[in-house]
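Chain by chain, the residues run as shown.
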Amino acid sequence: MSPVTSIRFFDDPFFNRFFGDRLRQQLPREERQRGQGSGFIVERKGLILTNAHVVSGADQVTVTLKDGREFEGTVLGKDEVTDLAVVKINGNNLPVAKLGDSAGVQVGDWAIAVGNPLGLDNTVTLGIVSTLNRSSSEVGIPDKRVDFIQTDAAINPGNSGGPLLNSRGEVIGINTAIRANANGIGFAIPIDKAKAIKDKLARGEEIPHPYIGVRIANLTPELARENNSDPNSSIVLPETTGVLVVGVMRDTPAAKAGLRRGDVIVKIDGKPVTTAEQLQKMVDRSGVGKVLQVKLIRNNQAQQLSIETVQLRDIL
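Residues numbered from 1 in each chain as written. Predicted model: local features only at pLDDT ≥ 70, side-chain atom pairs only at ≥ 80, totals over all residues. Heavy atoms only, no water.

1. Quick word on the overall build of the protein
Assigned secondary structure in the protein consists of nine helices and 20 strands. Buried residues in the protein amount to 46% of all 316 residues. Looking at the protein alone, contacts between residues at least 24 apart form 63% of all its contacts between residues at least 6 apart. Of the accessible surface of the protein, which amounts to about 15800 Å², a share of 48% is contributed by carbon and sulfur atoms. (Helix = DSSP H or I, 4+ residues; strand = E, 2+ residues; numbered from the N terminus. Buried < 20%, exposed > 50% of the residue type's maximum accessible area, 1.4 Å probe, protein only. Contact = heavy atoms within 4.5 Å. Areas by Shrake-Rupley, 256 points an atom, 1.4 Å probe, with all protein chains shown as cover.)

2. Here we look at the pattern of salt bridges
Enumeration according to the criterion identifies 15 salt bridges in this entry. Of the charged contacts in the structure, one is a salt bridge between lysine 198 and glutamate 43, with a shortest N-O distance of 3.4 Å. Within this pair, whereas lysine 198 is found in helix α6 (residues 191-202), its partner glutamate 43 is found in strand β2 (residues 33-43), the two being separated by 155 residues in sequence. The residue arginine 298 makes a salt bridge to aspartate 263 at a minimum N-O spacing of 2.7 Å. Remark: aspartate 263 occurs in the loop between α8 (253-257) and β16 (264-268) and arginine 298 occurs in strand β18 (residues 291-298); sequence separation between them is 35 residues. A relative accessible area of 10% places arginine 298 in the buried class. (Salt bridge = Lys/Arg side-chain N within 4 Å of Asp/Glu carboxyl O.)

3. With respect to the packing of aromatic side chains
Describing an aromatic ring pair means giving the distance of the ring centres and the angle of the ring planes. Summed over all chains, the structure comprises one aromatic pair. The interplanar angle of 65° and the centroid separation of 6.1 Å between the aromatic rings of phenylalanine 148 and phenylalanine 187 together place this pair among those described as edge-to-face. Of this pair, phenylalanine 148 sits in strand β9 (residues 147-151) while phenylalanine 187 sits in strand β12 (residues 186-190), and the two are 39 residues apart along the sequence. Here the two residues phenylalanine 148 and phenylalanine 187 agree in accessibility, since each one is buried. (Phe/Tyr/Trp six-rings, centres within 6.5 Å; stacked < 30°, edge-to-face > 60°.)

4. Describing the sheet that holds strand β7 (residues 110-115)
Spatial ordering of the closed barrel is given by β7-β8-β9-β12-β11-β10, a layout of six strands whose pairing is antiparallel. Shown here is a sheet whose adjacent strand axes are inclined to one another by a mean of 45°, direction ignored. Across the sheet, α6 is in contact with β11 (171-176) and β12; its angle to β12 comes to roughly 40°. (Pairing = 2+ DSSP bridges. Axes fitted to C-alpha atoms, helices over the stretch in contact; angles between N-to-C directions.)

5. Remarks on the side chain of threonine 125
Turning to its location among the elements, threonine 125 is positioned in strand β8 (residues 123-135). If sequence neighbours within four positions are ignored, threonine 125 has contacts with Ala111, Ile112, Ala113, Ala153 and Ala154.

6. A word on unusual backbone geometry
In this structure, asparagine 93 is a non-glycine residue whose phi angle is positive, near 55°. Among the secondary structure elements, asparagine 93 is positioned in the loop between β6 (84-88) and β7. Its identity is not glycine, yet asparagine 133 carries a phi of approximately 55°, on the positive side. Mapped onto the fold, asparagine 133 is located in strand β8.

Here is the structure:
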């Protein structure tokens, strides 16, 4: 197993703006340090995987290996939506972490979190995989698009970006400390997600994230009947299974196509859709610039709309 890297980044907008880099560099490092996290080497030439939020806004990244060697790092690419980033250091024949296969992870498997929590270098915590495919909306961060591995291994600030290992020492996830109030619960980005985009990040490419601009929720006949029996309800819902449009953001593809609050989406491109999570995955897999044929029910009448996806960055 490779040494876990400690990543420190520095930034001070006040000094940047009023005094410039020359005076700012004269400050003691401890006065300039703005954050710290973890990461791990995935290629011998010095490519490191970490969380995007670990290096977000950094104008300087310092990487410290377990053996004490220190490198200046360059952020090659980062993707805020998946919270992944690639950092490059100049080194040769560096020890690398063995990447595993998160698709084979099962609930109850051993989970070992390695990192630098609260600045305490090279800390290891042990737990088990508590559940899989925990959606970002369930975790409380709907602006992300990740299905997390949940574990009871302790993950604290400073662990972010470090590896989550299986019992064979293979990386199955990237730890992320995303819930300050999460006691005894940790989350990790599946390593398969990172493997799928790390090369693009290393090339500085933008990761596509198709977006249509809706807030959605699951709808069942039971939930619809409960809503419709409430005399204070402002809307009558069709008693069917589908995805309820809770809100439509302004100036988005959904708004331009005519989607409305209270619509119930039942098919995308002719395929039935029954849950909000399923709809989100169908949009994610569609690609940017793809025209989706959306079948919905409005006022108990079936309608068809065409919605063209856009890149998430172009909207937010």
